[in-house]
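Coordinate inspection notes
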Amino acid sequence: MTVEAGSFRDPSGQVFIHENTIYRSIYQSGIADYKAACNNGIYEELILKKQLISHSEVSFEHALENTEYCIEHPKLPMVSYPWEWSFSMLKDAALLHLDIMEFLLPKGFWLRDASAFNVQYNQTGLLLIDTLSIGKKAPDSPWVAYNQFCSHFLAPLATASCCDIRTLGLWRNYIDGFPLDLAVKMLPVIKKYSPGLFMHLTLHAYFQRKSDRQEDILKEKTSKKRRVSDLALLGIIRSLRKTINKLKWDVDSRIWANYESIRTYEDADVKEKANYVKKIVNATNPAMVWDLGGNTGEFSKIAAESGAFVVSIDGDPACTEFIYKNVKSTENGKRILPLTMDLANPSPGLGWESKERLSIIERGPADLILALALIHHLVFSANIPLTRIAKWFASLSNNLLVEFMPIEDPMIKKLTQNRQEHLSYSLEDFKTSFSKYFTFIEYKELENKRILFHCIARKNNKYN
Amino acid sequence: MNKVFLFWMVGFWISICANNAYAYLDPGTGSMILQSILASFLFIGTGIGLFWNKIKNLFSGSKKTKLKKIGTGKSNDS
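About the cut-offs
- Residues numbered from 1 in each chain as written.
- Chains lettered and ligands numbered in written order.
- Predicted model: local features only at pLDDT ≥ 70, side-chain atom pairs only at ≥ 80, totals over all residues.
- Heavy atoms only, no water.
- Helix = DSSP H or I, 4+ residues; strand = E, 2+ residues; numbered from the N terminus.
- Buried < 20%, exposed > 50% of the residue type's maximum accessible area, 1.4 Å probe, protein only.
- Areas by Shrake-Rupley, 256 points an atom, 1.4 Å probe, with all protein chains shown as cover.
- Rg over C-alpha atoms; globule rule 2.2 N^0.38 Å.
- Contact = heavy atoms within 4.5 Å.
- Lys, Arg positive; Asp, Glu negative; His and termini not counted.
- Charge placed at Lys NZ, Arg CZ, Asp CG, Glu CD.
- Core = buried A, V, L, I, M, F, W, Y, C linked by side-chain atoms within 4.5 Å.
- Pairing = 2+ DSSP bridges.
- Axes fitted to C-alpha atoms, helices over the stretch in contact; angles between N-to-C directions.
- Bend = angle between axes of the 7 residues up to and from the residue.
- Expected span 1.5 Å × (residues − 1).
- Arc of directions from axis to C-beta.
- Domains from an automatic or database assignment.
- Buried area = accessible area lost by both parts, 1.4 Å probe.
- Salt bridge = Lys/Arg side-chain N within 4 Å of Asp/Glu carboxyl O.
- Polar contact = N/O pair within 3.5 Å; in protein donor to acceptor, adjacent residues only side chain to side chain.
- Nonpolar A, V, L, I, M, F, W, Y, C, P; charged D, E, K, R; others polar.

Now for the overall build of chain B. In terms of regular secondary structure, chain B is built from two helices and zero strands. Burial status across chain B gives 26% buried among its 78 residues. On chain B, roughly 5,800 Å² of surface is accessible, and the fraction owed to carbon and sulfur atoms is 67%.

A count of helical and extended segments in chain A gives 17 helices and 16 strands. In summary, chain A has a C-alpha radius of gyration of 24 Å against a globular reference of 23 Å for 464 residues, a match within 12%. With the C-alpha coordinates aligned to their principal axes, the bounding extent of chain A is approximately 75 × 60 × 45 Å. The burial tally for chain A puts 55% of its 464 residues in the buried class. Long-range pairs, those at least 24 residues apart, make up 70% of the contacts in chain A with a sequence separation of at least 6. When the accessible surface of chain A is split by element, carbon and sulfur atoms take 49% of a total near 20,700 Å². Mean positive and mean negative side-chain charge positions of chain A (57 and 54 charges, respectively) differ by 5 Å.

Quick look at the nonpolar core now. All names here are of chain A. One finds Ile134, Trp143, Trp290, Leu292, Phe393, Val402 and Phe434 to be the most contacted residues of the largest nonpolar core, which totals 125 residues. In terms of residue count, the dominant contributor to this core is helix H3 (residues 87–104) (12 residues). Not counting residues within four places of it along the chain, the set of residues in contact with Trp290 comprises Met78, Val311, Ile360, Arg363, Gly364, Ala366, Leu368, Ile369, Leu370 and Leu396. Phe299, Ala303, Ala308 and Ile323 belong to the second largest nonpolar core, which has 21 residues in total.

Residue and element names in this part refer to chain A. Here we have seven strands laid out as an open sheet, ordered E12-E11-E10-E13-E14-E16-E15, and mixed in their pairing. Because the sheet does not close on itself, it has two edges, and the strands there are strand E12 (336–340) and strand E15 (438–445). Across the sheet, the mean angle from the axis of one strand to that of its neighbour is 20°, orientation sign disregarded. As defined by bridge partners, strand E14 (residues 399–404) adjoins strand E16 (residues 451–457) across six bridges and the pair is classed as antiparallel. Bridge pairing in E16 places Val402 opposite Phe453.

Further remarks concern the pairing of strand E2 (residues 13–18) of chain A. Residue and element names in this part refer to chain A. Burial analysis of E2 places five of its six residues in the buried class, which makes it a mostly covered element. Alignment of strand E1 (residues 2–3) against E2, held across two bridges, turns out to be antiparallel. Bridge pairing in E2 links Thr2 to Ile17. With six bridges connecting them, E2 and strand E3 (residues 21–26) associate as antiparallel partners.

As a further point, take helix H4 (residues 146–162) of chain A. If you look at H4(A), its biggest bend is around 35°, right at Leu154(A), and the proline Pro156(A) turns up within four residues after that. Extensive coverage of H4(A) is indicated by the burial of 15 of its 17 residues.

This part is about the sheet that holds strand E5 (residues 69–73) of chain A. Taken in spatial order, the five strands make up an open sheet running E1-E2-E3-E5-E4 (chain A), and their pairing is antiparallel. Each end of this open sheet is capped by a strand with a single partner; those strands are E1 and strand E4 (56–58) of chain A.

All names here are of chain A. For helix H11 (residues 267–284), spanning 18 residues, the distance from its first C-alpha to its last is 26 Å, which sits close to the expected 26 Å at 1.5 Å a residue. Within H11 the residues assigned to the buried category are Asp269, Val270, Lys273, Ala274, Tyr276, Val277, Ile280 and Val281. One face of H11 carries all of its buried residues, which in axial projection span an arc of 165°. Exposed side of H11, more than 90 degrees from the buried face: Asp267, Ala268, Lys271 and Ala283 are the residues found there. Residues of H11 that are buried in the fold lie against helix H12 (298–305), strand E13 (368–371), E14, E15 and E16. Taken from the residues just after H11, Asn285 is the one with a positive phi, measuring 50°.

Here we take up the domain arrangement of chain A. Residues and elements named next belong to chain A. Per the domain assignment, the segments of chain A are domain 1 (2–73), domain 2 (82–246) and domain 3 (254–457). If you average the C-alpha positions of domain 1 and of domain 3, the two centres end up 37 Å apart. The interface is formed by four residues belonging to domain 1 together with four residues belonging to domain 3. With both sides pooled, the region where domain 1 packs onto domain 3 buries about 350 Å², and carbon together with sulfur makes up 51% of that total. For the domain 1 face of the interface with domain 3, the top three residues by lost area are Ala5, Gly6 and Phe8, together amounting to 73%. For the pair domain 1 and domain 3, the interface holds one salt bridge. For Arg9, the salt bridge is made with Glu356, and the minimal N-O distance between the two is 2.7 Å. Connecting domain 1 to domain 3 are one residue pair in polar contact (both at pLDDT 80 or more). Looking at side-chain class alone, the side of domain 1 that touches domain 3 contains two nonpolar, one polar and one charged residues.

Encoded structure:
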């Protein structure tokens, strides 16, 4: 049995894994809310609407100490974090919280927290995965998760939309949400005073600062109960929705929109490559594929069509945004999770003890790795030697489909035109480096001289 | 209208006068204060919105009311 490292902060329950099954222990302090939600059919309705992860009560003798109830959840194909999400995915996660709030309020319930980590991508779309987030509403009380909602959703979306999409990367540093004053500083003046952002960010940051003054620590305060009527709370939720809906990211779409026209190889090569990818995917029959450097998801789609769940990873937020927006409505598309990640600096373990949020390696292994038109970028743009690339791939999966581009390829010529230093990059270097960690099973040479290699990781290689 | 204008002007003034605070001792209190202030403004707007929907439903002839009493706090087990 393993206790899930990211769920220890909630005193009302905790998630643990036993024999590859996910369970949640509910403690004494969580019972009242859990039973109330059960009795009012809240869980049932939200599960039916595909907004909440399903669960079933089980009696489990090995549950965590002090467990009063134990529920079982279905396993998610892959856990992902907001610093890896595309703009629209974070926005959808925010809207999911607001949808659920609007559903809960008339029933006398609300969300006790509004953490971006409580939303995950399943094959049906985005889901709230924290069953215990739902609790009985305190009468005439302000929303307890308002601050968390603004720092987890509104602040990052506002800075990404109004300042720069790359500010989403700040998530890695501020895993408890963006500091609101920092977000306000990043906004252009006109946006700071646009009605929604002014109310929920600029003023919000001001009131936070005001209540944080050091000189107030020793002052005796009369505790004044803040009252917010239910109708006003609904107004706040709707105002947040309106503000979030207005936030858009105008993607600089020149790169991927014209991807096909700027491609350095011919349609015939693409078709040949796609057929080979399909052949290897069918031969290996993977349940989980990681498409590293997935670009616009062309090959992710091929893998998804075979029934695999595909994590399409690319460093360009425009690519992941493109995939998320364009494939989420299709049946096969729902099996593709696009994640933004610089592969030369992949997601590390973060949070308490660096274990609360898992590194990308800890979320593996995948059944098959696709590394198509990728390794030359790692070698020439990030100076990563081929041997280290091979070692990293071997730590992610036993099966690898990797593309090697010859040094004469126009793409490589472009990457190296201003470089002075000599980097080891030839077919021989590639084979020597990769054979330390992989056994070459077969290969396919395309018309444009690029070569696709299907490799299997060596079980006990001496280089690890 | 004057009330709204005054609200923005006061908000504008305090937001430019505020100093930085790098230590968050109690971020929750500020959020609670803000919500109680916003509540008085948004209460009116939401109330008008709901009332307007009611009028529209009346004229559209739909017997099925889309409005629900918000946040009664009553549930089966309480």
